[in-house]
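Structural overview
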Amino acid sequence: MDMCNSNVELVESHLNNKQKRKFVSLGMNLEKVFCILEAKGVLKPLRPKFPKFIQKNGGYCKYHQVNGHSIRECRAFKNAIQDLID
Ligand SMILES: [Zn+2]
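Keep in mind the model is a prediction, meaning the values are calculated, not measured.

Looking at the overall build of the protein
Along the backbone of the protein there are three helices and two strands. Taken over 86 residues, the protein has a buried fraction of 8%. When contacts within the protein are restricted to residue pairs at least 6 apart in sequence, those whose partners lie at least 24 apart make up 31%.

Remarks on unusual backbone geometry
One non-glycine residue, Gln65, adopts positive backbone phi at about 60°. With respect to the secondary-structure elements, Gln65 resides in the loop between strand E1 (60-61) and strand E2 (66-67).

Quick notes on the confidence of the model for the protein
On average, residues of the protein score 75 in pLDDT, and 59% of them reach the 70 mark or higher. The secondary structure element of the protein with the lowest average pLDDT is helix H1 (residues 3-19), at 56, and the one with the highest is helix H3 (residues 75-85), at 89.

Examining the nonpolar core
With seven residues, the main nonpolar core is built from Phe34, Cys61, Tyr63, Ile71, Cys74, Phe77 and Ile81. Setting aside residues no more than four positions away along its own chain, Tyr63 makes contact with Phe34, Pro45, Leu46, Ile71, Cys74, Ala76 and Phe77.

Here we look at the environment of Val42
Looking at the secondary structure, you find Val42 in the loop between helix H2 (30-40) and E1. Taking the number of C-beta atoms within 10 Å as the measure of exposure, Val42 has 11 and is therefore exposed. Taking the C-alpha atoms as reference points, Val42 and Leu84, separated by 42 residues in sequence, lie 8.5 Å from one another. Once residues lying within four places of it in the same chain are set aside, the contact partners of Val42 are Leu37 and Leu84.

Definitions and cut-offs
Residues numbered from 1 in each chain as written. Predicted model: local features only at pLDDT ≥ 70, side-chain atom pairs only at ≥ 80, totals over all residues. Helix = DSSP H or I, 4+ residues; strand = E, 2+ residues; numbered from the N terminus. Buried ≥ 20, exposed ≤ 12 C-beta atoms within 10 Å, placed from the backbone. Contact = placed C-beta atoms within 7 Å. pLDDT = per-residue confidence, 0-100. Core = buried A, V, L, I, M, F, W, Y, C linked by C-beta atoms within 7 Å.

This is the structure:
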């Protein structure tokens, strides 16, 4: 690893720490949370933006309605929940 790359990583990790959002732990399965919020009409699934990038492997994200990551790993969904709480 050369100096330039390591510096970039340092800056990025610093920025990430600064901007890192603290997510409230709901103590619930995120899939369950999504079901509840969707049923209440509080949250709607996003329209899939990149249907060409759908991957066969990986979980299915009910929020993005795409394959490739599970809703448990979905930052956008966690952000949406946090927006509702804030
Ligand atoms: Zn997602």
